[in-house]
Structure formats: C-alpha cells, structure tokens
Amino acid sequence: MKQLIPSIYYVGVNDRNKERFECLWPLSSGVSYNSYLVVGKKIALIDTVDVRFFATFLDNIREVIGTRPIDYLVINHMEPDHSGCIGLIRQVYPDICLVGNKKTLQMAEGFYCQSGPSLCVGEGSELSLEGMDLRFYLIPMVHWPETMVTYEPQSGTLFSGDAFGCFGALNGGVLDSEMDVEPYFPEMIRYYSNIVGKYGTQVQMALKKLGGLTLRRICPTHGPVWSESIGRVIAAYQRMSLYEGEQGVSLIFGSMYGNTLLMAESVAEGLVKGGLKNFTMHKLSRTDPSYLIADAFRFKGLLLGAPTYNNGLYPLMEQLLSDLRHRGLKNRLIGCFGSFTWAGQAVKHLTEFATAPGMEMVGEPVEMKQGFTRETGLKCRQLGEAMARRILEAE
Ligand SMILES: Cc1cc2nc3c(=O)[nH]c(=O)nc-3n(C[C@H](O)[C@H](O)[C@H](O)COP(=O)(O)O)c2cc1C
Ligand SMILES: [Fe+2]
Ligand SMILES: [Fe+2]
C-alpha cells in the first residue's frame, strides 16, 4: 500500500512468478498489476489485479480503509489481468457498484456472471465521491473495445488502464520520482509494440482526446505512476503510435550454418564504416520475438537477412515479418540480404516486405549462392553503408 496523495492510494501487486505475459511475452523483471483507491466520502476502487493475487490485494485495500465498505468498482479494462478479482471483490463487498460502459458491463456478466449493482457510464460521464470526482473517457481498442480511462479533475490524476504501462515489477517504489525509471522505458517500448502496437490509430485518437486534460500524474495498470516523467511518457506514446523510429537500425538475421551470418557481419561493418553507432544486432534463433518486435518499433532502420528454406523464407524470419505486418509497422527504411543453394526465395520475400506501402527500401538487396566470397562481403558492406548514410541524413 502506498499513499500517492491524501485521497489516492496504490493497492496493486507485483507478479515476479509469471514467465510470460499472455503466455507469449517474456517477463525478465516481472510485471505489476496496478489498482488504486480513490477516497472521498465515498470510496472507489479503480481496476483489480490478477486473481491469483487476491489475498495480497485485499490486504492492501484493508490497510487503507479498514472495515469501511467500497462504494464503487471502476473497471477501465476487462482483460483478466485487471478484471480477475471482480467476482471475489463482490463476495467481500456485496453492495459494491460496478462502474463501466455498456461493453464493460456486458463483458463482466459474460466473464464473471455479474448481476449485482452496476452503473453504466459513457463518454464524459461524471461520478461524485463527495470530495473527489471521477470522469470517464472511452478509448476503444487501447487495448480492447471496452477500454476507458478515469480522470480525477481536482488532483489532475488519470487512471489510464494499459495506456502508458510497461513491463517490470515495481522495485520498492511506485512513483517515478522515487525510482530509477531508466529500465522501465525500454520495457514500455516492448510492452507497447508487443501488445498495443497494432492500434496506433486508436492510440492517436486517445492522445488527442486526453490532450486537453491537466495531468499531474498518470496511474497506469502496469509499471510506475508517472509524474515527473509525464512529458517523456506521452512523447514516447506519440512517437510509437505514429510509427516513428529513432535514428538507428536493428540488424536482424537468421542463419543455420553460418553463411548468412557472415553476410550479417559484413553488413554491420558497413554500418560502422558509414558512421552509425546506434544499432542492435540479433540472431533470430537467439533473441525472443518480443525483443525483435520492440527493436523494429524502436528504430527507423531495419536490416533483414535470412536463408532460403524449403523453397520459402527461413521460418523464424517468416514469423518476424508476420509479427510486424500484423502490427501495421510502417515508416521504416529497410535493407535486405539472404542466401540459397539451388533456387533463391529469401531475398524475394524480404524485398516484398521492404517495398510494401509505407516502407522504403535502402541499398541493393544482396543475394548469395552457396559460400561466402569477398565479393559478397563487399556488397554487404555497401548495403550497410547505404543504410547508415540514409539513416543519418533522415534526421
Ligand atoms: C532445411 C533446409 C532447407 C533448405 N531449403 C532450400 C531451398 O528450398 N532452396 C535453396 O536454394 N536452398 C535451400 N537450403 C539451403 C540454404 O538456403 C543455404 O545453404 C543457405 O546458404 C544457408 O544459410 P546459413 O548457412 O546461413 O544457414 C535449405 C537448407 C536447409 C538446411
Ligand atoms: Fe490489456
Ligand atoms: Fe494489462
């Protein structure tokens, strides 16, 4: 439990056990499920936590309000990492009124057979807690259709749901000002790109809608409460939802027997020769797709290399391209290289990706038949150099 301001408390929990979020995305430093109590004469609980943490959650709540009842349970988002405790909360607080929009209340009934007191709110609806006020804004598809945010105008607090959240359990503190937040920023890119990345347009609409609000703190459902870093966090969301990349490159390649790997080494030499330092290099079989997607969202440039495999593209590269297409990644400068032994397919598929609408292909694709030669090395270095130059002139 942690008091954020006299009438707002953090009552969320850390999950340091879950290996993968949504059974997909690695949680190398855990994740938090954030929930908050807003205390006026009436009391509102904003979102809940993963059901496995109910005991700790209830302890946190009781530490703040003792045996007082909770009047309202506001559900900003129905994904089970936040809605999981609705049923158990209702058992402990039978008179609690569930607050959500039409879609939320329908989902609550569908998931948890909820039929107790409820209040249906819409865009701009207000709810007085007598001392604190809650106002609701709908932000559909950030990250489900029912998603909304809750704003408390007196304190300038936005309970933003998954928006502005990140992976990483909370190490001792809750507020950004009391922690080293640097490790959370790469985890915000990873969270956004992996989970919300597909919905850039909807995030843009949400940012416009919330742009007029006075914001003193943003309380998301994962990661730190943002106060002194609000500007940086909103700027990051602006960038990511517009699919704008930073001035750098991610060089991602697959290789089974080391031939395409030699090409990748030469491409990297070309990047350095071209004066670019800000790049990452990933071998597909060693780096989890979660981090590859994050780097593809982070950087303006992508260099992709793969062997031909069963008359198609090396499967891990095929998976990556599908992950990126699925998220609508665009505005990228892309260079490609690949290899084959008898009939090349890899470069053809990579070139299709690099020349799709919204993408710009950089340099000449390099295609290698069988073994690596000096000539191939030269072409790969030229590709790297061309990318470095294009990236450096793009700013
Ligand atoms: C399972 C498997 C399937 C392959 N399928 C093809 C193919 O359909 N067409 C082709 O030209 N080469 C094919 N190759 C050959 C590789 O594309 C080629 O040897 C490539 O240079 C390997 O790159 P690497 O050393 O980076 O793994 C295949 C290789 C393997 C191991
Ligand atoms: Fe979610
Ligand atoms: Fe979530």
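Scroll up to find the structure.
Scope of this entry: the structure provided in the associated data block. (Residues numbered from 1 in each chain as written. Chains lettered and ligands numbered in written order. Predicted model: local features only at pLDDT ≥ 70, side-chain atom pairs only at ≥ 80, totals over all residues. Heavy atoms only, no water.)

## Some points on the pairing of strand β10 (residues 97-100)
Part 1 of the argument: By the alternation rule, side chains of β10 split into Cys97 and Val99 and Leu98 and Gly100, which are all buried.
Part 2 of the argument: Of the pairings in the sheet, the one linking β10 to strand β11 (residues 118-120) comprises three bridges and is parallel in character. Looking at the pairing, Gly100 lines up with Cys120 of β11. (Buried < 20%, exposed > 50% of the residue type's maximum accessible area, 1.4 Å probe, protein only. Helix = DSSP H or I, 4+ residues; strand = E, 2+ residues; numbered from the N terminus. Pairing = 2+ DSSP bridges.)

## Quick look at the sheet that holds strand β12 (residues 126-128)
Part 1 of the argument: Taken in spatial order, the five strands of this open sheet run β12-β13-β14-β15-β16, and their pairing is mixed. Single-partner strands in this sheet number two, and they are β12 and β16 (217-220). The sheet shows a mean angle of 20° between the axes of neighbouring strands, taken without regard to direction.
Part 2 of the argument: The sheet contact formed by strand β13 (residues 133-138) and strand β14 (residues 148-152) spans four bridges and is antiparallel. When the sheet's bridge partners are listed, Arg135 is paired in β14 with Tyr151. (Axes fitted to C-alpha atoms, helices over the stretch in contact; angles between N-to-C directions.)

## What to know about the environment of Ser250
Part 1 of the argument: Within the secondary structure, Ser250 sits in strand β17 (residues 246-253).
Part 2 of the argument: It is 16 Å that separates the C-alpha atoms of Ser250 and Pro365, two residues lying 115 residues apart in sequence.
Part 3 of the argument: Apart from the residues within four sequence positions on either side, Ser250 is in contact with Thr280, His282, Asp295, Phe299, Gly301, Leu302 and Leu303. (Contact = heavy atoms within 4.5 Å.)

## Looking at the coordination of the iron ion (ligand 2)
Part 1 of the argument: Taken together, His77 (NE2), Glu79 (OE), His143 (ND1) and Asp162 (OD) make up the protein donors of the iron ion (ligand 2), found 1.8 to 2.4 Å from the metal.
Part 2 of the argument: Between consecutive donors of the iron ion (ligand 2), the numbers of intervening residues give the motif H-x1-E-x63-H-x18-D.
Part 3 of the argument: Judged by relative accessible area, His77 falls into the buried class, the value being 0%. (Donors = N, O, S within 2.8 Å, 3.2 Å for Na, K, Ca; no water.)

## Some thoughts on the coordination of the iron ion (ligand 3)
Part 1 of the argument: The protein atoms that coordinate the iron ion (ligand 3) are Asp81 (OD), His82 (NE2), Asp162 (OD) and His222 (NE2), at distances spanning 2.1 to 2.4 Å.
Part 2 of the argument: Coordination geometry of the iron ion (ligand 3): the four donor atoms subtend angles of 85 to 170° at the metal centre, consistent with an arrangement described as irregular.
Part 3 of the argument: All donors of the iron ion (ligand 3) belong to a single chain; written as a sequence motif, their spacing is D-H-x79-D-x59-H.
Part 4 of the argument: A gap of 3.5 Å separates the iron ion (ligand 3) and the iron ion (ligand 2), which Asp162 links by coordinating each metal. Taken together, the positions of His82 in helix α2 (residues 80-83) and His222 in the loop between β16 and α7 (230-241) put the pair 140 residues apart, joining distant regions of the chain. (Tetrahedral: all angles 85-135°; square planar, octahedral: opposite > 155°, others 65-115°.)

## What to know about the pattern of salt bridges
Pairing between side chains of opposite charge can happen when the charged atoms of each approach one another.
Part 1 of the argument: Overall, the coordinates contain 17 salt bridges when judged by the stated rule.
Part 2 of the argument: Taking the shortest distance from any N to any O, the salt bridge between Glu178 and Lys2 comes out at 2.9 Å. Here Glu178, found in the loop between β15 (157-161) and α5 (184-196), pairs with Lys2, found in strand β1 (residues 2-5); they are 176 residues apart in sequence, far enough to count as distant.
Part 3 of the argument: In this structure Lys2 comes out as partly exposed when scored by relative accessible area, which is 26%.
Part 4 of the argument: Where Arg52 meets Asp50, a salt bridge forms, and the shortest distance between an N and an O atom there is 3.1 Å.
Part 5 of the argument: Look at Asp50 and you get buried, because its relative accessible area is 9%.
Part 6 of the argument: Several salt bridges share partner residues, and in doing so they unite Asp15, Lys18, Asp50 and Arg52 into one network. (Salt bridge = Lys/Arg side-chain N within 4 Å of Asp/Glu carboxyl O.)

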